[in-house]
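Coordinate inspection notes
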Amino acid sequence: MTQWTRSRGLFNALKTVSLHRQEKQWTFAARRCYATSGSMTEVEKLLLDTIKATGPISFATYMQMCLSHPTTGYYMNFAHPVFGSQGDFITSPEISQVFGELLGIWMLSQWMYAGASRKIRLVELGPGRGTLMHDVLRVFSQFAAARSATKEIHLVETSPSMRSAQQTKLGSIAQANGWNLTWHDSVDGVPHDDRMFTLVLAHEFFDALPFHLLQKTQQGWQEVLIASGPDPAASLVLRPAANSSLDFSMKPPTNRPVRFRQVLSPAPTGSSTLLGLSSPRFQQLPLHSRVEVSPAAFKTARQIGELLQDKGSDGARSAGSALIVDYGGDKVYGNSFRAFKNHNIVDVFHRPGECDLTVNVDFAYLREAAADLAAHLGPVSQATFLQRMGLQARVSALKAAATDEERRKQIEQAANRLVDPTGMGSQYQFMALTGKRTQELKEEELWPFVAVKA
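Residues numbered from 1 in each chain as written. Predicted model: local features only at pLDDT ≥ 70, side-chain atom pairs only at ≥ 80, totals over all residues. Heavy atoms only, no water.

In the contact formed by helix α5 (residues 97–114) and helix α13 (residues 391–401), the axes pass within 11 Å of each other and the chain directions differ by 130 degrees. Comparing their axes, α13 and α5 come out oblique. When you trace α5 past α13, the crossing you get is right-handed. Where α5 approaches α13, its residues Gln-97, Val-98, Glu-101 and Leu-102 are matched on the opposing element by Leu-391, Arg-394, Val-395 and Leu-398. Taken together, the residues that form the contact of α5 with α13 break down as five nonpolar, one polar and two charged. (Axes fitted to C-alpha atoms, helices over the stretch in contact; angles between N-to-C directions. Helix = DSSP H or I, 4+ residues; strand = E, 2+ residues; numbered from the N terminus. Parallel < 35°, antiparallel > 145°, perpendicular 65-115°, else oblique. Left-handed = near helix turned anticlockwise from the far one by under 90°. Contact = heavy atoms within 4.5 Å. Nonpolar A, V, L, I, M, F, W, Y, C, P; charged D, E, K, R; others polar.)

Following this line, the structure appears as structure tokens:
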């Protein structure tokens, strides 16, 4: 089986159409840096007031306040550019149009082989500025059958500023093709409709969901909390696992007031015990292990599974497919929590509410959440997915259509960055979910999540 063979027909058609977009070639690289400012942010003041009033808070509360406070949270504040050269990080869809196009081809192939000629609705969780969905929709618009079958586009987004950006980006193409745009505050706002074939995208969504930090002790699972003030006994903010390539640690800056510290809850609580028992894998971990557990991620993965299940067919068919793309892997993480500011990795307690916060995704935990609702494929690395879906062929087509050598060079560099084995190519993982059915998946539905013989 050759690379992306199962999507060859769709891709050959894609090569013949013009799907170009204007894009910039960013060259930012994340690096460690430390805060120096002693001033407090609005979120920082709220956090300290909360701790003073009620005691130490969970990492979930800290993350939720920093990212989603209604007025001063990172994603809720219109003053925060978030993405691009003026923002704090750059995502794969912003780097190259090919990324979204190949994801669009995968989604089209799922509909072709499992959709049973049903109408299509697209759902994206955390669409950012709408760049990824726009690239997917450009692909759909080039195929008459898919264009006419597509009826609804559902966007799960809480930020008013992001919704505005998404409307600007997607409004024209949706209107031109008669597609209905709808926004929801959460996944459970998307109605279940197994009369349609639902295609779900979640790109860099799960890594931004609040998590709880637990530690396994002789007493059981105790929660690691955040208290105010410096910890004179601790020289590190977080201690990384010995063999995790995506774990980060750093010393707090000596010239900045340390306003937060970690403390261990005095005893297991009902919630920490329940979370510690939420995966059988956690029980195999040695004493003193730490785990980052996101009940929000578990709940969301299950809600996605429910959207994909065709309850009325008695298992005869699936109601859709989902593609999850994120930092992480098929394992537990205990110390991957990190912050980004101006394309730099910074201390997680630096300028609360003004930095992006992220934690590695335990894909096995998502799989466990939806196990009775959906079959899973993968995860595989971003490099594997894109290369098998025809990255190089699409890049060659774009380069052939480019009008100058500089543009051809930019196209090549952008594609290389997406599959760089020392960066995005290995750090991002792809996992697919398909609604459970009694019939086994066709070979075409399995691609590119298959083992390829050497």
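Under the defined criterion, the tally for this structure stands at 19 salt bridges. The salt bridge partner of Arg-129 is Glu-94, with a shortest N-O separation of 2.7 Å. Of the two residues, Arg-129 is situated in the loop between β2 (120–125) and α6 (131–141) and Glu-94 in helix α4 (residues 92–95); the sequence distance between them amounts to 35 residues. When its relative accessible area of 11% is taken as the criterion, Glu-94 is described as buried. As a salt-bridge pair, Glu-405 and Arg-408 come within 3.2 Å of each other at their nearest N and O atoms. Pair noted here: Glu-405 and Arg-408 are both in helix α14 (residues 405–418), with a separation of three residues, about one helical turn. Owing to a relative accessible area of 54%, Glu-405 belongs among the exposed residues under this scheme. With a relative accessible area of 24%, Arg-408 lands in the partly exposed category. Shared partners join several salt bridges into a network, and the residues in it are Glu-101, Asp-135, Arg-138 and Arg-394. (Salt bridge = Lys/Arg side-chain N within 4 Å of Asp/Glu carboxyl O. Buried < 20%, exposed > 50% of the residue type's maximum accessible area, 1.4 Å probe, protein only.)

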